[in-house]
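For reference, the chains in residue letters:
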Amino acid sequence: MWPARWNRVAASRHRFVRAFVLLAACHGRSVSAMEIDVVLPCLNEAGALPWLLSRMPSGYRPIVADNGSTDGSPSIAADHGATVVHVPQRGYGAACHAGLDAAKHDVVCFMDADGSLDPADLPIVSDLVCDDLADLALGRRRPQGAGAWPPHARLGNVVVASALRRRSGVHVRDIGPMRAARREALLALPISDRRFGYPLETVVRAAEAGWRVSERDVPYYPRTGKSKVTGTVGGTMRTVRDMRKVLAS
Ligand SMILES: Nc1nc2c(ncn2[C@@H]2O[C@H](COP(=O)(O)OP(=O)(O)OP(=O)(O)O)[C@@H](O)[C@H]2O)c(=O)[nH]1
Ligand SMILES: [Mg+2]
């Protein structure tokens, strides 16, 4: 007969091993089972990629999901050690989703490839998931310096966040581009948007699935290169349209 005491010893050993694996994953140790994928949607970000990819914390594996760049972004990304996924379908969400499909590790992060976020800050967000404090962790953008986040984009974000609160009961102040979650759980969410509604739909579907959604402050810098979305009227209107569609769904 297996003494009950041994069961207790085996159970506490299991808990210790699991805690070690989670801890090591969060701090980016170099064992492959403890690595974290970082999906970087990319459309002509050649100017930002070298800095960005040199700033990945150890254990964070960049996947550049390229949306048909014409400025050499894919080869720059590969030269700087990233896995490159070529995504024929245009759209921020299409790029994010193809990167997620290519990810292998248990925890996956997302962030823009335009130099507006520092990869060194990824653990601020991913630790919430690794430590099992959240199922979906979001980085709340805190602008650093003038031009990091234009006033109309900030206002739009406040409106979307309060509409999300009313619709889904999720209390977040920003639907930001830095996110972390567990890969298999994310793949199981029915996210259909493939454009700029993708981050919002991720939060909406996560809330519907009963996920714990949390946010932490992350610094937000002026992007490298020319603004494609928030700095243009057309880009802003497209984003508003995509997000309204998600909120109405
Ligand atoms: N605009 C756009 N960005 C894409 C696309 N596919 C991938 N991306 C990438 O998605 C990320 C977010 O797009 P950004 O153009 O930075 O959008 P934004 O942050 O809302 O606005 P700006 O930085 O002001 O242009 C960047 O890393 C882009 O390179 C696409 O089809 N359109
Ligand atoms: Mg940007």
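Residues numbered from 1 in each chain as written. Chains lettered and ligands numbered in written order. Predicted model: local features only at pLDDT ≥ 70, side-chain atom pairs only at ≥ 80, totals over all residues.

So what exactly am I meant to see when it comes to the site of ligand 1 here?
Taken together, 19 residues lie around ligand 1, and N67, S227, K228, V229 and T230 are the ones closest in. Elements that contribute at least two residues to the shell around ligand 1 include exactly strand 1 (36-42) and helix 4 (92-102). Considering only residue class, the shell around ligand 1 consists of seven nonpolar, six polar and six charged. (Near = placed C-beta within 6 Å. Helix = DSSP H or I, 4+ residues; strand = E, 2+ residues; numbered from the N terminus. Nonpolar A, V, L, I, M, F, W, Y, C, P; charged D, E, K, R; others polar.)

In this structure, what is going on with the nonpolar core? I would like to understand it.
V38, V39 and A65 are the most contacted members of the largest nonpolar core, which has 64 residues in total. Every residue in contact with V38, bar those within four places of it in the chain, is listed here: M56, Y60, R61, P62, I63, C109, M111, P119 and L122. (Core = buried A, V, L, I, M, F, W, Y, C linked by C-beta atoms within 7 Å. Buried ≥ 20, exposed ≤ 12 C-beta atoms within 10 Å, placed from the backbone. Contact = placed C-beta atoms within 7 Å.)

Sorry, what's going on with the pairing of strand 3 (residues 83-86) here?
Relative to strand 3, strand 2 (residues 60-66) runs parallel, the two sharing four bridges. For A65, the partnering residue across the bridge sits in strand 3 and is V85. One crossover worth recording links strand 2 to the parallel strand 3 by way of helix 3 (residues 73-79), and it is right-handed. (Pairing = 2+ DSSP bridges. Right-handed = clockwise from strand over helix to strand, strands pointing away.)

Just checking my understanding: could you explain unusual backbone geometry for this structure?
Among all residues save glycine, negative phi is the norm, and among peptide bonds the norm is trans. Unusually for a residue other than glycine, N44 sits at a positive phi of about 55°. By the secondary structure assignment, N44 is in the loop between strand 1 and helix 2 (49-54). N44 sits in the partly exposed class, given 19 other C-beta atoms within 10 Å. Positive phi, close to 60°, is recorded for D132, a residue that is not glycine. Relative to the assigned elements, D132 resides in the loop between helix 5 (122-130) and strand 5 (136-143). With 12 C-beta atoms counted inside 10 Å, the residue D132 sits in the exposed group.

Whenever I open this one, the packing of helix 6 (residues 151-168) against helix 8 (residues 198-208) confuses me. Can you help?
Two numbers describe a pair of packed helices, the interaxial angle and the distance between the axes. Packing of helix 6 against helix 8 brings their axes to within 11 Å, and their N-to-C directions diverge by 20°. Looking at the two axes, helix 6 sits roughly parallel to helix 8. As helix 6 runs across helix 8, the sense of the crossing is right-handed. Contacts from V160, L164 and S168 in helix 6 reach L200, V203, V204 and A207 in helix 8. A breakdown of the residues in the contact of helix 6 with helix 8 according to their chemical character gives six nonpolar, one polar and no charged. (Axes fitted to C-alpha atoms, helices over the stretch in contact; angles between N-to-C directions. Parallel < 35°, antiparallel > 145°, perpendicular 65-115°, else oblique. Left-handed = near helix turned anticlockwise from the far one by under 90°.)

Help me understand helix 4 in this model?
Every α-helix carries 3.6 residues per turn, so stepping three or four residues along brings you back to the same face. Of all eleven residues in helix 4, eight are buried; the element is thus mostly enclosed. Looking only at helix 4, the buried set comprises Y92, G93, A95, C96, H97, A98, G99 and L100.

I tried to follow helix 9 (residues 233-248) on my own but got confused; where do I start?
Across its 16 residues, helix 9 extends 22 Å between first and last C-alpha, which sits within 8% of the 22 Å expected from 1.5 Å per residue. Among all positions of helix 9, only T239, D242, M243 and V246 are buried. In an axial view of helix 9, the angular spread of the buried residues amounts to 95°, which keeps them on one side of the axis. Looking at helix 9, the residues exposed on the side facing more than 90 degrees away from the buried face are V233, G234, M237, R241 and A248. Here the buried face of helix 9 lies against helix 6 and helix 8. (Expected span 1.5 Å × (residues − 1). Arc of directions from axis to C-beta.)

Explanation requested: the sheet that holds strand 1 in the structure shown.
By way of backbone hydrogen bonds, the strands of a sheet pair with one another, either parallel or antiparallel. If you walk across this open sheet you meet the seven strands as 3-2-1-4-6-5-7, and the pairing is mixed. Every interior strand has two partners, whereas the edge strands, strand 3 and strand 7 (213-220), have only one. Adjacent strand axes in the sheet meet at a mean angle of 25°, parallel and antiparallel pairs treated alike. Relative to the sheet, helix 4 contacts strand 1, strand 2, strand 3 and strand 4 (107-110), its axis offset from that of strand 1 by approximately 155°. Contacts from helix 8 reach strand 5, strand 6 (179-182) and strand 7 within the one sheet, and its direction differs from that of strand 7 by about 155°.

I would appreciate a short explanation of the environment of R182 in the present structure.
Looking at the element boundaries, R182 is found in strand 6. A tally of 18 C-beta atoms within 10 Å means that R182 is categorised as partly exposed. For the pair R182 and D135, spaced 47 residues apart in sequence, the C-alpha to C-alpha distance is 7.1 Å. Residues contacting R182, with those up to four places away along its chain left out, are D106, V107 and V129.

Looking at this model, I keep getting lost on the packing of helix 6 against helix 9. Mind explaining?
Direction vectors running N to C along helix 6 and helix 9 enclose 5°, while the axes themselves pass 11 Å from each other. As judged from the angle between their axes, helix 6 and helix 9 are roughly parallel. Residue-level inspection shows H152, A153, G156, V160, A163 and R167 of helix 6 in contact with helix 9, the latter providing T236, V240, M243 and L247.

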